[in-house]
Amino acid sequence: MAAAPYLLPILLLLLRPAATLTGHAPPPSHPPPPPPPPPTQKIRVWPKPASISWPSSVYAPLSPSFSIRASPSHPSLRHAIAFYTRLIKSERHLPLVPPSNYTLSLVPIRLLALSVSDLHIPLGPGVDESYTLSVAANSPSADISAATPWGAIRALETFSQLALAGVGPAAGGQPMSFPILLPSVPNLANAGAYSPAMRYTVEDVRRIVRYAEAFGIRVIPEVDMPGHTGSWAGAYPEIVTCAGKFWAPAGKPALASEPCTGQLNPLNPKTYRVVQDVLRDLAAAFPDPYLHAGADEVNTACWEDDPVVRRFLKDGGTHDRLLELFVNATRPFLVHELNRTSVYWEDVLLGPKVSVRHEVLPRDTTVLQTWNNGADNTKRLVSAGYRVVVSSASYYYLDCGHGGWLGNDSRYDKQEKEQEGTPLFNDPGGTGGSWCAPFKTWQRIYDYDILHGLTEDEATLVLGGEVALWSEQSDAAVLDGRLWPRASAAAETLWSGNKGASGRKRYANATGRLNEWRYRMVGRGIRAEPLQPLWCPLHPRMCNLAQ
Amino acid sequence: MARLHHQLLLFVLALSSPAPLLLPARADASSFPVNVWPKPVSMSWAEPHAAVPVSPSFHILVVSRPENPYLTSAADRYTRLLLQERYRPIVRPAVNLTATTTLEKLVVAVSEPGAPLQHGVDESYTLEIPLTGGAATLRAATAWGAMRGMETFSQLAWRGMSAVAVVAAGVRVEDRPLYPHRGLMLDTGRTFFPVGDILRTVDAMAGNKMNVFHWHITDSQSFPIELPSEPELAAKGAYGEDMRYTVEDVTRVVEFAMSRGVRVVPEIDSPGRPLILCFDGYSIALHLIRPNAMYLHGPAGAYPDAVTCAGKFWLPDGDWNNRLAAEPGAGQLNPLSPKTYKIISNVINDLTSLFPDNLYHAGADEVAPGCWETDPSIKANLANGGTLSQLLERYVRATHPMVTSKNRTAVYWEDVLLDAAVNVSASAIPPATTILQTWNNGSNNTKLVVRAGYRAIVSSASFYYLDCGHGDFLGNDSVYDDPNSDFDARGGSWCGPYKTWQRVYDYDIAYGLTEEEATLVIGGEVAMWTEQVDAGVLDGRVWPRAAAMAEALWSGNRDAAGRKRYAEATDRLFDWRQRMVGRGVRAEPIQPLWCRTRPGMCNAVQ
C-alpha cells in the first residue's frame, strides 16, 4: 500500500512485567495498580498486556539493520527470532488512524536483546510466560527479559505489534473421518480417512508439533472415544457398534447425536488392543503431557444395537458400568504406561444418560473440559475437585448460529411468520437450525467470565479456556473467517482479562483495538472477518450502541 | 414488461414440453450422475448414461451473424474452461465412457444475435450433445440465452480418471428461466470491495445463471464512486484514495458483466443515505443518493448544506424513536435545499451514462424522521403544517422524472410506499415507470406492493438477507455481557437467525398471490449488506446461498410432482459448491464430506 520510503517507527515504551500466569492460576483477580495517565496516542497490542506504560508519544525508527539477539541459543527461540525478524522487517501495518502529534526519536532501534533466565524449562502446562519488554528513548537497543523461552516468544509478538508502518499525513478426530496415519494401526486412516490425500502422516504431525513449539504453542491430540467412532469401523468393524446406520431412525431413539453412527464396544477385548495401539502412537507423536481421550456424547441406543451388549444389560449390567469398563481399561494405560494426564469432555462425569463415578477418574491425572450449561457445569466440575478447561458452547463454540446442515429438513420451508406461542425457528429469536444458536459474536466471547460463580479456591482449578470450531460447515475455504478475530477475543480475556483497571468490563475500549489487530492479522495473511465497517474505526465511538 | 411464469405455470410447461427425440424421457426426474446448477427445466440423458472425451482441439463455434462480440468472448472463455477445468466429482459418475470418439466442437446458433441485454430478454436455449460425440449444438434466441447454454454445457463436463475432460453424451436440455430478474445486491458503501472481488462475484453469478448485479454503490458510511460531474462526492466521501471506483473501473465491471449476460443496476441510496460521507469536519450529508433508488445515502463530506444531521451520533439518547439513522453514519439529503436537486441531477446524469441498464435504483429506504428534524429549514416547514411524508414526496416528485427522462425505470425500496411514518402517495411513483423492492414482512409486503399495481423485486430479509444471524457490529453493547442471554436472545442480529441455503431455497416469492398478482413479481435478489463483511470473507458469505436462490428462481424449488425438492437438491448443491471452489470462489461447505459419499445418511428424516 504505502510506496514511500519505509520508515518503521516504533513506539517507545516501557512494559512492566505482564501477569505471570502459572499453571492453575486464572488471570489475577486483583486489578493491577492504576496506570499513569495515557498519552494521547494509543498503543494497540492484542491481547492487551497486563501492564504497559508509555509516558509520552515518542516513536523511534527501526533501523534497516535491525536484528534480534539471544544468547545462548534455544531451538524454538531461534526459530521464533528468525520468524519475528522477518515479520518485523517486512510487515507494513498502517494503523487505521495514523498517529499524530508524536515525537520521533533520533536514535534508530538496531537491536532487540533477549535475556532468558532458564532456557531449559520445557513447554508444558503452567509454564511461566511472563516477560518484561522495555524500549528506552534514545537508545539503539530494546530489551526483553523473560523467565523462560516461552515468555520471550510472547514478548516478541508484543514487540512486533508495536511496530507501525509509514506514519505521515496520508489518509487512512471426530466421527466422520479418521485422518491420522498411525504406524501401529495404519488401517484406521487407510479405511477411515476421506481419501488418501486427506491423511496426516507422522511426518505431517511432527511438522505441526515442531512449528507450534517454535511459537510456544502446545499441541494436545484428541482421539474421541468410545462415542464418535464411526470412522473406526472401516478398519475394525468388529469393535464398533451400530456403525453405518441411519442416525435418527423414525420412531426410535437416535443412534448418535448427529449423522455418522458408531461407538467402540467396551465388551470386545479387541477394542482395547486397538485403543492401546492408537494411544501409544499418539503419545509417540505428540510430546505434550496432556492427551485428550474424548468421551463425549456416549449414546445408549448405539451400544444396545449390539447383541453382546444387550445380553450384558439383561444380566444386570448398566450403561454406566459399560463406560466405566471402557475408561478403566484405557485410562490407566494412558496415565501409567504413557505418562499422560488424561483429558475428557465433561460428559464422562456429567453425562445425562451415561457417566462414570469419581473413583474412576483420579483428580491428579484428570482434566475435564466443560461445554454445556455455561458457568454452572464449570462449578460442578471444580467443586468435585477436577481441573477444568472451559469451552462453554454458549460462549466459546465458534460454529454456533450458522443454521443446520442436515439434509431433507422441512423446518425451513415455512412461508409465513411463525405464530405467537409456537416455538420459534426461522423468525428472530429462533435457532435457524443451529442447536447452539445464536452466533457467538466477539463481544459475547470477550465478556465471558470463565470463573463466574466460583469461590477463590475453586477458581484455582480452572486452567483456562478453549474456543472450539466444530467443522460440519467449515473447511479450508472459510476457516480463517470463522476463527478470527473471535478467537482473539478469548485470547485477550484469558491473557490479561476483560476488565479495565477500574474493574469494569472493557469491551467498548477493546473494540478499536480489536479492529486494529484484525487489520494487522489480515496483513499477515489471515482472512479474519471484519468487526465493523471501516467508517467505525475512523470515527471512534460513533458506532457504539451507547455513546 | 416481463412476462412472469407462476410456478404452477412452469410446472405445466415442464410437463407439456415435447418428449425428447430418441431419448427416454427422464426430464425432471431425480439427479443424474452429473448435474447442472441451477437444475434445467428439462433435461434428458440417454440410458445407460454415457460420456465422450473432449478433443484437445475442442472449440465453441458461433455460427450466427452479425457477430456479437460479447458472445464471441463468452465462447472463447467457455472453450478455455472446458479444456482447463479440473473438476473431479466426489462420487465418481457411473457412466460408460465412449473411447472411440471425441467431442470436437459445440456449434452455437442464435436467431437474434443483436438483441440487447435488458430486463425480460429471452434467455432460453436448447442444448444437444450427441451420444456419438462429434459436434454438440446449442440453439438460443439471443446471445444471452446462448451464454446460459454454454454454462450448462460446461457443467456437464468433468475429469475422469484420465487426464482429459469428458462430457455427458446423449443429452438434451431445454431450458428457460422462471423469473427474468435473478439478482445479487452487494453493498460497497459500508465496505469497499476491490474491483477484482466484484468481478469474481459477477463471474460466479453467471455460473449460477443469475443475471442482475445490483450494485449498492454508496451508503452513509462512504461514497466510493468517482462521478465526473460531482467529483467532490468521492473525494470527500470515499474511505481513502485507493478505495474509489473510477470511471474506468465502472466500465470494466459493466463490460465484464455484459460478456457474462449479467446486467448491472446501480444504486445510490438517497435521500435517507446522504450522497456524501459524514466526514470529519465536513459533516454534510446528502441523504439523497442510492444508485438504485431515488435517495442519496452517503457521506456528507462534499455538500454539508445539502445534508441534514451529518456527523451526529446516530442514537443520541438511546431511544430508537429519536434515532437520526437506522445505524451509525447519520445524514440525509435535505429536500428543501435547491442544491440537493442540482447534485442529484448530476448524479443521475453521470450514473445513467455509466450504466446502460434500463433499471435505475434510487434507494429511498429507512428515512429517519429525526435526521430531517434537526435541520432548521425543515423544522420551520414542519412547524407550518408540513409533514415528513410531504418532504419525501417533494423529493421523489422532483427526482423520479429525472430518472424516467433518461429512459430508465426507477426502482425504490418498498419503504417509499410502505413505511409507516414517512412515505409518498402512489401518484408520485407511477407503476408504469416504477418497480419496488420488498424487504420487510416476507410475502405480506410483496402482496401489498403488487396489489398496489407495482412490479416487485423480492428481497425479504427473513429469507434473502445474507448478513443476518451474524451478531451485530455496534460497539459498547452490554447485551452480550449477560450470562443468561443466549438461547432466548437474537445474539445481536436484528434479522437473525442466519438464513441457511435451505431457507433461501424454500422461499416461494409468489406465496399468497393470485395468479395475476404473481405476474407482477419480476424476481428476487439476495442481499449482502456489508457491516461485517469484506473481501476476506465475501465468497463464503454469498456462496453457495445465493446459488440456492438462483435455482429457485430459474427452475423453481419443486420437483415434477410439485413437492419441494430441497432434499434432492442437497447433494447437487454439494457438488456445485465443490466445482465453484475449484473455479476460485471460496464458497462455504454445506455438509461434511462424509455426507456426500453416503446418500441420505445426513438427512434429518430418512
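Quantities reported herein were computed from a predicted structural model and do not represent experimental measurements.

Let's shift gears to the overall build of chain B. Looking only at helices and strands, one finds 19 helices and 18 strands in chain B. When each of the 606 residues of chain B is scored for burial, the buried share is 66%. Considering only intrachain contacts with a sequence separation of at least 6, the fraction spanning at least 24 residues in chain B is 75%.

Our focus in this paragraph is the overall build of chain A. Regarding its fold elements, chain A presents 17 helices and 15 strands. For chain A, whose C-alpha radius of gyration is 26 Å, the value lies close to the compact-globule estimate of 24 Å for 547 residues. If one aligns the C-alpha atoms of chain A with their principal axes, the spans along those axes are about 85 × 65 × 50 Å. Taking all 547 residues of chain A together, the buried fraction comes to 56%. Total accessible area on chain A stands at roughly 22,800 Å², and carbon and sulfur atoms take up 56% of it. If the 50 positive side-chain charges of chain A are averaged to one point and the 49 negative ones to another, these points end up 6 Å apart.

Core analysis: the largest hydrophobic core is formed by 128 residues, its most contacted members being Trp215(B), Ile225(B), Phe355(B), Val416(B) and Trp543(B). One finds Phe286(A), Leu334(A), Trp442(A) and Leu461(A) within the second-largest nonpolar core, a separate group that totals 75 residues.

Residue and element names in this part refer to chain A. Summed over all chains, the structure comprises six disulfides over all chains. With a sulfur-sulfur separation of 2.0 Å, cysteine 536 is cross-linked through a disulfide to cysteine 543. Handedness of the cysteine 536-cysteine 543 disulfide follows from its S-S torsion of about -75°: it is left-handed. Judged by relative accessible area, which is 3%, cysteine 536 ranks as buried.

In the numbering used here, UniProt assigns the feature "domain: Glycoside hydrolase family 20 catalytic" (unreviewed entry) to residues 177–497 of chain A. Helix and strand shares over residues 177–497 of chain A are 35% and 10% respectively, and the end C-alpha atoms of the span are 37 Å apart.

Moving on, we get to the interface of chain B and chain A. Counting residues at the interface gives 81 residues for chain B, matched by 81 residues for chain A. Of the roughly 7,000 Å² buried between chain B and chain A, counting both surfaces, carbon and sulfur atoms make up 56%. Three residues, Phe313(B), Asn476(B) and Trp594(B), lead the burial of chain B against chain A; their summed loss comes to 10% of the area buried on that side. Remark: the boundary between chain B and chain A carries six salt bridges. Here Lys505(A) ties to Asp481(B) by a salt bridge, and the two come within 2.5 Å at their closest N and O atoms. The tally of links from chain B across to chain A stands at 33 residue pairs in polar contact (both at pLDDT 80 or more). Secondary structure elements with two or more residues in the side of chain B that touches chain A: helix H14 (501–506), helix H16 (538–542), helix H18 (566–582) and helix H19 (593–596) of chain B.

On to the UniProt feature "active site" (unreviewed entry) in chain B. Residue and element names in this part refer to chain B. Per the UniProt annotation, the sites labelled "active site" (unreviewed entry) are Glu366. By the element assignment, glutamate 366 lies in the loop between strand E14 (359–363) and helix H8 (369–373). For glutamate 366, a relative accessible area of 26% gives the class partly exposed.

Turning to the UniProt feature "domain: Beta-hexosaminidase eukaryotic type N-terminal" (unreviewed entry) in chain A, a few remarks are in order. The positions that UniProt labels "domain: Beta-hexosaminidase eukaryotic type N-terminal" (unreviewed entry) are, in the present scheme, residues 45–162 of chain A. Between the end C-alpha atoms of residues 45–162 of chain A the distance is 7 Å, and the span holds 25% helix and 29% strand.

Once that is clear, we can look at the sheet that holds strand E14 (residues 387–390) of chain A. Residue and element names in this part refer to chain A. The sheet built from six strands is open, its strands ordered E8-E11-E12-E13-E14-E15 with parallel pairing. Of all the strands in the sheet, the pair left with one neighbour each is strand E8 (222–225) and strand E15 (462–465). With direction set aside, neighbouring strand axes in the sheet form an average angle of 25°. Contacting E8 and strand E11 (290–294), helix H5 (residues 269–285) crosses the sheet at an angle of about 165° to E8. Its contacts with the sheet put helix H8 (residues 319–337) on E8, E11, strand E12 (341–345) and strand E13 (366–370), and the angle it makes with E12 is roughly 140°.

With that out of the way, let us pick up the pattern of salt bridges. All names here are of chain B. Tallied over the full model, the rule gives 53 salt bridges over all chains. The salt bridge partner of arginine 260 is aspartate 203, with a shortest N-O separation of 2.6 Å. With arginine 260 in the loop between helix H6 (247–258) and strand E10 (263–270) and aspartate 203 in helix H4 (residues 195–207), this residue pair connects regions lying 57 residues apart in the sequence. Its relative accessible area of 9% is what places arginine 260 among the buried residues. According to the relative accessible area criterion, aspartate 203 is partly exposed, its value standing at 36%. Across the salt bridge formed by arginine 263 and aspartate 357, the nearest N and O atoms sit 2.7 Å from each other. One end of the pair, arginine 263, is in strand E10; the other, aspartate 357, is in the loop between helix H7 (338–354) and E14, and 94 residues separate them in sequence. The two residues arginine 263 and aspartate 357 agree in class, both being buried.

Let's shift gears to the pairing of strand E18 (residues 521–528) of chain B. Residue and element names in this part refer to chain B. Burial analysis of E18 places eight of its eight residues in the buried class, the great majority of the element. With six bridges connecting them, strand E8 (residues 181–187) and E18 associate as parallel partners. Each residue of the ladder has a partner; that of leucine 186, found in E18, is methionine 528. As judged from the three bridges shared by strand E17 (residues 455–458) and E18, these two strands associate in the parallel manner. Looking across to E18, one finds that valine 458 is bridged to glycine 524.

Our next topic: the environment of His181(B). Residues and elements named next belong to chain B. Mapped onto the secondary structure, histidine 181 falls in strand E8. Given a relative accessible area of 0%, histidine 181 falls into the buried group. The sequence separation of histidine 181 and valine 108 amounts to 73 residues, and the corresponding C-alpha distance is 24 Å.

It is worth spelling out the packing of aromatic side chains at this point. What the rule picks out here adds up to 38 aromatic pairs over all chains. Look at Trp413(B) and Trp529(B): their rings are 5.7 Å apart centre to centre, the planes differ by 45°, and that puts the pair in the tilted class. Here Trp529(B) lies in the loop between E18 and H16 and Trp413(B) lies in strand E15 (residues 409–413), a separation of 116 residues in the sequence. Side by side, Trp413(B) and Trp529(B) carry an identical accessibility label, which is buried. Taking the centre distance of 6.1 Å and the plane angle of 0° together, the rings of Trp439(B) and Tyr465(B) count as stacked. With Trp439(B) in the loop between strand E16 (434–438) and helix H12 (442–451) and Tyr465(B) in the loop between helix H13 (461–464) and H14, the pair connects residues that are 26 residues apart, well separated along the chain. One aromatic cluster is present, formed by Trp345(A), Trp371(A), Tyr397(A), Trp435(A) and Trp470(A) through successive ring pairs. Here the guanidinium or amino end of Arg518(A) rests over the ring plane of Tyr519(A), the centre of that ring lying 4.8 Å away. Taking the ring centre of Phe463(B) as reference, the NZ or CZ of Arg503(B) above it sits at 3.8 Å.

Here we take up H6(B). Structurally, the α-helix is built with 3.6 residues per turn, so residues lying three or four positions apart point the same way. Helix length check: H6(B), at 12 residues, gives a terminal C-alpha distance of 16 Å against a target of 16 Å (1.5 Å per residue), a fit within 8%. Turning to H6(B), its buried residues are Asp249(B), Val250(B), Val253(B), Val254(B), Phe256(B), Ala257(B) and Met258(B).

Here we take up the side chain of Asn377(A). Residue and element names in this part refer to chain A. Assignment of secondary structure puts asparagine 377 in helix H10 (residues 374–383). Looking at asparagine 377, its side chain comes within polar contact range of the side chain of glutamate 346, at 3.0 Å. Those residues in contact with asparagine 377 that sit more than four places away from it in its chain are Glu346, Leu350, Thr370 and Asn372.

Before going further, it helps to examine unusual backbone geometry. For the bond running from Glu47(B) to Pro48(B), omega is -5°, close enough to zero to count as cis. Cis geometry marks the peptide bond from Trp543(B) to Pro544(B), where omega comes out at 5°. Tracing the sequence through the fold places Pro544(B) in the loop between H16 and helix H17 (545–554). The phi angle at Asn339(A) is positive, at roughly 60°, despite the residue not being glycine. Within the secondary structure layout, Asn339(A) lies in the loop between H8 and E12. Phi is positive for Lys209(B), which is not a glycine, with a value near 60°. Locating Lys209(B) in the fold gives a position in the loop between H4 and strand E9 (212–216). The exposure class of Lys209(B) is buried, given its relative accessible area of 0%.

What counts and what doesn't
Residues numbered from 1 in each chain as written. Chains lettered and ligands numbered in written order. Predicted model: local features only at pLDDT ≥ 70, side-chain atom pairs only at ≥ 80, totals over all residues. Heavy atoms only, no water. Helix = DSSP H or I, 4+ residues; strand = E, 2+ residues; numbered from the N terminus. Buried < 20%, exposed > 50% of the residue type's maximum accessible area, 1.4 Å probe, protein only. Contact = heavy atoms within 4.5 Å. Rg over C-alpha atoms; globule rule 2.2 N^0.38 Å. Areas by Shrake-Rupley, 256 points an atom, 1.4 Å probe, with all protein chains shown as cover. Lys, Arg positive; Asp, Glu negative; His and termini not counted. Charge placed at Lys NZ, Arg CZ, Asp CG, Glu CD. Core = buried A, V, L, I, M, F, W, Y, C linked by side-chain atoms within 4.5 Å. Disulfide = S-S within 2.5 Å. UniProt positions renumbered as here; feature names shortened; annotations may be inferred. Buried area = accessible area lost by both parts, 1.4 Å probe. Salt bridge = Lys/Arg side-chain N within 4 Å of Asp/Glu carboxyl O. Polar contact = N/O pair within 3.5 Å; in protein donor to acceptor, adjacent residues only side chain to side chain. Pairing = 2+ DSSP bridges. Axes fitted to C-alpha atoms, helices over the stretch in contact; angles between N-to-C directions. Phe/Tyr/Trp six-rings, centres within 6.5 Å; stacked < 30°, edge-to-face > 60°. Lys NZ or Arg CZ within 6 Å of the ring centre and 35° of its normal. Expected span 1.5 Å × (residues − 1).

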